[in-house]
Amino acid sequence: MALRGAFRTRCGLLSLLSQRLPHGNHVRGCVSPFLSTHRRNNSTAPKIKVDFDQTAGVSIMTLQNPPVNSLSLDFLTEFCSALEKLEMDKSCRGVILTSGQPKVFSAGLDIMEMYGKSPERCGEFWRAVQEMWLKLYSSNMVIIAAINGSSPAGGCLMSMTCDYRIMADNPRYSIGLNETQLGIVAPFWFKETMVNTVGHRTTEIALQLGQLYSPTEALDIGLVDKLVPEDQIITTATQTMTKWLAVPDHARQITKSMMRKPTIDKLMSKREPDIQNFVSFITKDPIQKSLGLYLAMLKKRKS
Ligand SMILES: CCC/C=C/C(=O)SCCNC(=O)CCNC(=O)[C@H](O)C(C)(C)COP(=O)([O-])OP(=O)([O-])OC[C@H]1O[C@@H](n2cnc3c(N)ncnc32)[C@H](O)[C@@H]1OP(=O)([O-])[O-]
């Protein structure tokens, strides 16, 4: 499998571091204040904030898993549950995904979930990653990403599952599937999501290099659809949503499904082997060593 190839590389760690309609006008949701602390979120505070505008039929899902919205098992479980509730609520036709953390949309998969964990736990984690992707990519709702910060790896994957991506025009932010830079390999469904977004050749280059793109570069290759000043990102996402929701739901949904079904079916038919493949790869000593080095590097860069 593709993952095996990663053993041949010593990690490239060092190089990285440089949907119906509504009544009333009230806002629903599990509203809680953003955590101001810049520490790992081990608390039981909600990791997702959902604000539902019933008049518009649109929810804003704000990721709030400090410090960097990494996708931990707890986060993924809560996210999938929140998304499923919205999916089942026929009055909700659209979702805007954004971050409540400064500078970061999502740092991708929580590396701590892949480091020093048992095979059983790694398998549970990977099933949750698959579930997040399946729920987002196959959603009947219009999903717009308001990418107000960096979005590497799993963060980029999450963004790519959306129907439209608006990114804050800040050259300090980056987005891309940088897995190879950690000495790990993006699985086939990460790869196919990117191919479906930017095309085969661009994906080939991007994935091999583990390329992270600036907002301008991401717009150039079609990884994002629009750049706006950060303070206009939610307004722009809301305006864009109005345009998308003007299209009859059934026609848009069937079209979306036609575009995405082959990739979704592929993962559905290979879920268990994909989990086994991930577990056997990630628990190998050289891969664990790579992840350990990368984590150390992240901390060192901070100090
Ligand atoms: C087959 C598998 C496919 C894999 C897919 C993936 O998504 S793999 C994932 C690939 N993802 C990446 O390669 C992204 C790596 N991350 C980054 O590049 C940067 O954190 C940033 C640009 C997202 C934000 O920069 P910033 O200057 O605003 O923040 P900062 O850098 O100061 O970090 C603050 C704290 O968060 C910690 N931490 C960070 N990320 C992760 C994580 N994913 N997980 C866990 N922890 C993480 C960091 O160590 C630090 O901890 P400390 O010392 O407080 O205990």
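Parameters and conventions
- Residues numbered from 1 in each chain as written.
- Predicted model: local features only at pLDDT ≥ 70, side-chain atom pairs only at ≥ 80, totals over all residues.
- Near = placed C-beta within 6 Å.
- Helix = DSSP H or I, 4+ residues; strand = E, 2+ residues; numbered from the N terminus.
- Nonpolar A, V, L, I, M, F, W, Y, C, P; charged D, E, K, R; others polar.
- Axes fitted to C-alpha atoms, helices over the stretch in contact; angles between N-to-C directions.
- Parallel < 35°, antiparallel > 145°, perpendicular 65-115°, else oblique.
- Left-handed = near helix turned anticlockwise from the far one by under 90°.
- Contact = placed C-beta atoms within 7 Å.
- Buried ≥ 20, exposed ≤ 12 C-beta atoms within 10 Å, placed from the backbone.
- Pairing = 2+ DSSP bridges.
- pLDDT = per-residue confidence, 0-100.
- Core = buried A, V, L, I, M, F, W, Y, C linked by C-beta atoms within 7 Å.
- Arc of directions from axis to C-beta.

Colleague: What's the story with the site of the ligand in this structure? I'm lost.
Modeller: Neighbouring the ligand are 25 residues, the closest being Ala-107, Gly-108, Leu-109, Ala-153 and Gly-154. By residue number, the principal contributor to the shell around the ligand is helix H11 (residues 285-302), which donates three residues. Taken together, the residues of the shell around the ligand break down into 15 nonpolar, five polar and five charged.

Colleague: Explanation requested: the packing of helix H3 (residues 119-137) against helix H9 (residues 249-269) in the structure shown.
Modeller: Between two packed helices, both the angle of their axes relative to each other and the distance between the axes serve to describe the pair. Contact pair H3 / H9: the axes reach a minimum separation of 11 Å and the direction vectors enclose 155°. Regarding the angle of H3 to H9, the classification is roughly antiparallel. Seen along the crossing, H3 lies across H9 with a hand that is left-handed. Between H3 and H9, the residues in contact are Gln-130, Leu-134 and Tyr-137 and Arg-260, Ile-264 and Leu-267, respectively. When the residues that make up the contact of H3 with H9 are grouped by side-chain class, the tally is four nonpolar, one polar and one charged.

Colleague: Mind showing me how you'd approach the pairing of strand E7 (residues 164-168) here?
Modeller: Two faces make up the sheet, and in a regular strand the side chains alternate between them. Among the five residues in E7, four count as buried, and that is most of the element. As defined by bridge partners, strand E5 (residues 142-147) adjoins E7 across four bridges and the pair is classed as parallel. If you follow Ile-144 over to E7, its bridge partner there is Tyr-164. Note: E7 against strand E9 (residues 226-228), three bridges, orientation parallel. Paired with Ala-168 across the strands is Val-228, a residue of E9.

Colleague: Please clarify how the confidence of the model for the chain should be interpreted in this entry.
Modeller: Close reading of the predicted structure is inappropriate where its pLDDT is low. Scored by pLDDT, the chain has a mean of 89; 86% of the residues are at 70 or more. Under a pLDDT of 50 for its full length, residues 1-39 has, in the predicted model, 85 contacts with residues more than four places off or in other chains. Model confidence for the complex: the whole-complex pTM is 0.89, and ipTM, which rates the interface, is 0.99.

Colleague: Is there a simple way to think about unusual backbone geometry in this case?
Modeller: Note on backbone geometry: most residues besides glycine have negative phi, and most peptide bonds are trans. Here the bond from Pro-66 into Pro-67 is cis, since omega is 0°, no more than 30 degrees from zero. Mapped onto the elements, Pro-67 comes out in the loop between strand E3 (58-63) and helix H2 (73-88). Backbone geometry places Lys-103, a non-glycine residue, at a positive phi of 70°. Within the secondary structure layout, Lys-103 lies in the loop between strand E4 (94-99) and H3.

Colleague: What should I look at first to understand the nonpolar core in this one?
Modeller: Nonpolar side chains tend to gather and get buried jointly when the protein is soluble and globular. The biggest cluster of nonpolar side chains holds 76 residues, and the ones touching the most others in it are Ile-96, Val-129, Ile-144, Ala-146, Ile-147, Ile-175 and Leu-177. When sequence neighbours within four positions are dropped, the list of residues in contact with Ile-175 reads Ile-147, Ser-150, Ser-151, Cys-156, Ser-159, Met-167, Leu-212, Tyr-213, Ala-218, Leu-223 and Val-224.

Colleague: I'm lost on helix H6 (residues 200-209) in this one. Help?
Modeller: Think of an α-helix as 3.6 residues a turn; residues three or four steps apart then line up on the same face. Among all positions in H6, only Thr-203, Ala-206 and Leu-207 are buried. With its buried residues spanning 90° around the axis, H6 presents them on a single face. Across H6 from its buried face, at more than 90 degrees, point the exposed residues Arg-201, Ile-205 and Gln-208. Considering only its buried residues, H6 is in contact with strand E8 (175-176) and helix H5 (188-198).

Colleague: Would you explain H5 in this entry?
Modeller: All buried positions along H5 are accounted for by Trp-189, Phe-190, Lys-191, Thr-193, Met-194 and Thr-197. On its buried side, H5 packs onto H3, helix H4 (154-160), H6 and H9.

Colleague: In this structure, what is going on with the environment of Ser-81? I would like to understand it.
Modeller: Secondary-structure assignment places Ser-81 in helix H2. Overall, Ser-81 belongs to the exposed group, with 11 C-beta atoms counted inside 10 Å. Placed 51 residues apart in sequence, Ser-81 and Met-132 show a C-alpha to C-alpha distance of 9.6 Å.

Colleague: Looking at this structure, I do not really get the pairing of strand E2 (residues 48-53). What am I missing?
Modeller: In terms of burial, E2 is a largely internal element, five of the six residues being buried. As paired elements, E2 and E3 share six bridges and run antiparallel to each other. Bridge pairing in E3 links Val-50 to Met-61. Between E2 and E3, which pair antiparallel in sequence order, lie four residues; one of them, Gly-57, sits at a positive phi of approximately 75°.

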